[in-house]
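Structural description and commentary
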Amino acid sequence: MSSEPPRDRASFAVMSRLISCLVTEQILRAFYVPMKKPTHEVAGLLVVLSTHTISEDFKVSRTFHTRDIFVIVQLNHKPVLKDVQIHRGSQLVGLVDPMDMISPIYEFQDDRNVNDNDIFVESVLESLSSPPWDIETCGSLYLVSDPVALWKKFVETVIIADELRDIIALELQSSLDWQTISYENPPLCPSLQSASIDWEQSLVAGHPTHPMHRARMFLNNDESSLEYDWYHPHVRFVRVPARSLDVLGQFRDISNAMVTKAATKAGRSILIDNDYIYMPVHELQIINITSKFKDVDVLDEDIFLPALAQSSIRRTNRTVVIPDFPAIALKLAVGVKISSSLRTISHFTANFGPRFSEEIVPKLAVNPAILAVELESSSAVYRCDDPELSKHFTAVIRDEYKPREGETVIVCAALLEAGHANVPTGISAVQHTFQLDTEEKRASFLDRYIRIACEALLPALVKNGVAFEAHAQNILARFDLETGQLQGFIFRDLGGLRIHPETLRNSTGVDFQFLPGHCVATKSLEEIYPKFYHTFVHNHIQRLSRLLGLHHNGRGYEMLRKHMGSVIPENHPVWKVWMDPTSTTVDSKCLMRMRMRDSYRDMVYSPYPNMIQYRPTPEVSTADKSYWSITKLLVDYMSFIRASLFGGK
């Protein structure tokens, strides 16, 4: 795709994510059809069926026509298939990733002007020339180039509020616009010697599967958001009566120091008064604060601190570091929709982080040699009865990890990127940085990565009932500067945890009190598992395995099974959910189902193929399948005879 114009590449980036979600979340059904004449680049087709086929029982054979097909996408490898009987040469898809797909995307339209010179069209028609496909009746294949048009086609027959479908269309458009800008001006890939913030700001595409992965929208849909320098915001200050804030930790002292520094830099002076607190706020939030809160005074705009925005997959630019205060990071409410949600901070998060950091984090089953947890030491939130109002005026102070001598820290999301200006096409940041130019080098890197990650992140889940939100933006990797060897990880952002209170209480001896209704606390131990699976396995390790060429051959998941199995006891309830070979599906988060329900905090899960148990199967012909079936029966029979006669020797 590197030879295509940035706009076309961006369009495919958005559409491939949308299609991936629609299929993997089982919103639409899809078949995998092997190409009759596969090439080095194209192994088969993803044939996504239209909405009117959703309720059909696919175990009942019937013929599919062009009107039944939503889109057709070329695939470079066989996707993860459902464990169901093959449907006359085609098989239902369980999981398809954007990285499986090859541009362009096609759809059938009612037009008989077929371009006979299009080799791909000819190969598609040939591959779909036998039952259950009957596509010669009418229609021609056309390129799909607009993700918004693709979305509108999908929702034509889906029950969803008009306002919501229009909002989602705007979000997809914003994602397309921002991804185009990124492809037009790709960042440089940093090096091991680069500062951590350089890695934070080196993302090319961001979230690997979210269709609105690059969307950034001001509340009034102002197109000036495309001109805003998101990575270099100003932290402004607002004076608030102390009685109007709920404050935890050393927030007042830190904010006083910050505003004093900002005033000094502006050649101004600030009066510190115990009756007031100076709240740091993101500059984009000023208009929201002045419109919603009447007992505040906004300081002049020349009193500010320059900041650098950290990377984020879903919460882009809400957390900033301030060069004048290098030991901390500020998590600030921003009145901007990023991906598909308004990026504010709830009173739950403000209340939870400092107390959990002090009372629980030191007691977690964490090996400090390989995992550091960044504490959220202080916070402030506007005190009012309406949580939908207070979330706009919140700040959390996080203690930043200080690298050891001879160590560098890299946010893992940055390693999972590709498309940098100074890196050859198709080479990811992790391959480039660590010179992983052979499969064995990549396998060695991945094996160590997964081993240390499992040893670092799983014990708290197993022993304390605490599931870390372990996606690649929340995990930072520590590397030895001289050898490039992975040393351990850092976890940040306590707001996305899932915790079983009873297990936490029994394991730590602390009866931690959660605010009523806080989504972090679960009613059962089993409810914490989907959070960890989705963030760690689905969006983190799967992505790294794919980038290192260790997904389709299954080697990455062999490593994952081995290292998860060394940490999770067989008598723990999660063993049966994840590690039992018969566990073919697991609950995982559904990004599009949530968006179509206009849900942000209430998670929506559905069964995904359990990638921990993923074992690839080769493409074989019908004759080969018969041969291997007979062979397997013979091998199984001989094994039975040996076991009976010789005790299995």
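Residues numbered from 1 in each chain as written. Predicted model: local features only at pLDDT ≥ 70, side-chain atom pairs only at ≥ 80, totals over all residues. Heavy atoms only, no water.

With an unreviewed UniProt entry as reference, the chain is termed IucC family-domain-containing protein, source organism Psilocybe cubensis.

1. Regarding the overall build of the chain
As a reminder, the rule being used: What counts as a helix is a DSSP run of H or I of at least four residues, what counts as a strand is a run of E of at least two, and both are numbered from the N terminus. Remark: exposure states derive from per-residue accessible area (1.4 Å probe, protein chains only) relative to the maximum for the residue type, with buried under 20%, exposed over 50%, and partly exposed in between. Whether two residues are in contact is decided by their heavy atoms, any of which lying within 4.5 Å being enough. Residue burial considers only the protein chains on display, and all accessible areas are found by Shrake-Rupley using a 1.4 Å probe.
Scanning the chain from N- to C-terminus turns up 18 helices and 28 strands. Per-residue burial for the chain yields a buried fraction of 57% across its 649 residues. For the chain, the share of sequence-separated contacts (at least 6 apart) that also reach a separation of at least 24 residues comes to 74%. Counting every atom, the chain has about 27700 Å² of accessible surface; 51% of that belongs to carbon and sulfur.

2. What about the pattern of salt bridges?
We apply this condition: When a carboxyl oxygen of Asp or Glu is within 4 Å of a side-chain nitrogen of Lys or Arg, the pair counts as a salt bridge.
Taken as a whole and judged by the stated rule, the model has 30 salt bridges. Among the salt bridges present, the one from Arg-595 reaches Glu-171, with a minimum N-O distance of 2.7 Å. Here Glu-171 lies in helix H4 (residues 162-184) and Arg-595 lies in helix H17 (residues 591-596), a separation of 424 residues in the sequence. Since its relative accessible area comes to 0%, Glu-171 is described here as buried. A single network of salt bridges, built from pairs that share partners, joins Asp-97, Asp-100, Arg-543 and Arg-546.

3. A word on the packing of aromatic side chains
The criterion, for reference: To pair, rings of Phe, Tyr and Trp, with the six-membered ring standing in for Trp, must have centres within 6.5 Å; the planes then decide the type, stacked if under 30 degrees apart, edge-to-face if over 60, and tilted in the middle. We call a charge positioned over a ring when the NZ of a Lys or the CZ of an Arg lies within 6 Å of the ring centre and within 35 degrees of the ring normal.
Applying the stated rule across the entire model yields 25 aromatic pairs. Between the aromatic rings of Phe-434 and Phe-445, the centroid separation amounts to 5.2 Å while the plane-to-plane angle is 35 degrees, which identifies the pairing as tilted. A residue pair is termed long-range when its members are at least 10 positions apart, and Phe-434 in helix H11 (residues 429-434) and Phe-445 in helix H12 (residues 439-464) qualify at 11 residues. The exposure classification of Phe-434 matches that of Phe-445, with both residues buried. Among the aromatic residues, those joined into a cluster by ring pairs are Phe-434, Phe-445, Tyr-449, Phe-479 and Phe-489. The ring of Tyr-183 carries Arg-9 above its face, with NZ or CZ at 4.0 Å from the centroid.

4. Topic: the sheet that holds strand E25 (residues 486-491)
Convention followed: For two strands to pair, DSSP has to find at least two bridges joining them. Throughout, an axis means a line fitted to C-alpha atoms (over the contacting stretch in the case of helices), and angles, computed between N-to-C directions, take values from 0 to 180 degrees.
Pairing is mixed across the open sheet formed by four strands, whose spatial order is E19-E25-E24-E22. Looking along the sheet, the strands with just one partner apiece sit at the ends: strand E19 (371-373) and strand E22 (407-411). The sheet shows a mean angle of 25 degrees between the axes of neighbouring strands, direction not considered. As judged from the five bridges shared by E22 and strand E24 (residues 475-480), these two strands associate in the antiparallel manner. Directly across from Val-409, in E24, lies its bridge partner Arg-478.

5. What about the confidence of the model for the chain?
Basically, it comes down to this: The quantity known as pLDDT measures the predictor's confidence residue by residue, on a range of 0 to 100.
In the predicted model, the chain carries a mean pLDDT of 89, and the fraction of residues at 70 or more is 88%. Counted against residues more than four places away or in other chains, residues 112-117, with its pLDDT under 50, gives 10 contacts. Below pLDDT 50 for its whole length, residues 620-641 participates in two contacts with residues either more than four positions away or in separate chains.

6. So, the side chain of Asn-474
As a reminder, the rule being used: Here a polar contact is taken to be a pair of N or O atoms separated by no more than 3.5 Å, where protein atoms must pair a possible hydrogen donor with a possible acceptor and residues adjacent in sequence count only if both atoms sit in side chains.
Residue position: Asn-474 is located in the loop between strand E23 (466-467) and E24. Residue Asn-474 is classed as buried on the basis of its relative accessible area of 0%. At 3.0 Å, the side chain of Asn-474 and the backbone oxygen of Glu-469 are in polar contact. Beyond its immediate sequence surroundings of up to four residues, Asn-474 is in contact with Glu-469, Ile-490, Phe-491, Arg-492 and Asp-493.

7. Points about helix H8 (residues 347-359)
Definition in use: Between the first and last residue of a helix there are one fewer steps than residues, each counted as 1.5 Å, and that sum is the expected span.
Taking 1.5 Å per residue as the helical rise, H8 with its 13 residues ought to reach 18 Å, and the 19 Å between its terminal C-alpha atoms agrees with that figure. For H8, the elements touching its buried residues are strand E10 (245-248), strand E16 (325-332), strand E20 (376-382), strand E21 (394-399), strand E26 (498-499) and helix H13 (501-508).

8. Notes on the sheet that holds E16
Here six strands make up an open sheet; going across it, the order is E10-E20-E21-E16-E15-E14 and the pairing antiparallel. In this open sheet, the two edge strands, each paired with only one partner strand, are E10 and strand E14 (308-309). Inspection of the sheet shows E16 paired to E21 by five bridges, in the antiparallel sense. In the strand pairing of E21, Lys-331 is matched with Val-396.

9. Overview of H13
Here is the rule we go by: Of all possible arcs, the one meant is that of the directions from the helix axis to the C-beta atoms.
Within the span of H13, buried status applies to Pro-501, Thr-503, Leu-504 and Thr-508. Viewed end-on, H13 has its buried residues packed into an arc of 165 degrees, placing them on one side of the element. Against the buried residues of H13 lie H8, H12, E23 and E26. After H13 finishes, the residue Gly-509 shows a positive phi value of roughly 80 degrees.

10. Considering the side chain of His-551
Relative to the elements of secondary structure, His-551 occurs in the loop between helix H14 (529-547) and helix H15 (555-567). When its relative accessible area of 2% is taken as the criterion, His-551 is described as buried. In terms of polar contacts, His-551 uses its side chain to reach the side chain of Tyr-557, at 2.6 Å. If we ignore the near neighbours within four places in the chain, the residues touching His-551 are Val-80, Gln-542, Ser-545, Arg-546, Tyr-557, Met-611 and Tyr-614.

11. As for unusual backbone geometry
Note the cis peptide between Ser-103 and Pro-104, where omega equals 5 degrees. Relative to the helices and strands, Pro-104 resides in strand E6 (residues 101-109). For the bond running from Pro-131 to Pro-132, omega is 10 degrees, close enough to zero to count as cis. Within the secondary structure, Pro-132 is located in the loop between helix H2 (119-127) and strand E7 (140-144). If you check the backbone angles, Gln-26 has positive phi at about 60 degrees while not being a glycine. Within the secondary structure, Gln-26 sits in the loop between helix H1 (6-24) and strand E1 (30-34). A positive phi angle, close to 80 degrees, is found at Asp-493, a residue other than glycine. Among the structural elements, Asp-493 can be located in the loop between E25 and E26. Take Asp-493: its relative accessible area is 5%, and that puts it in the buried class.

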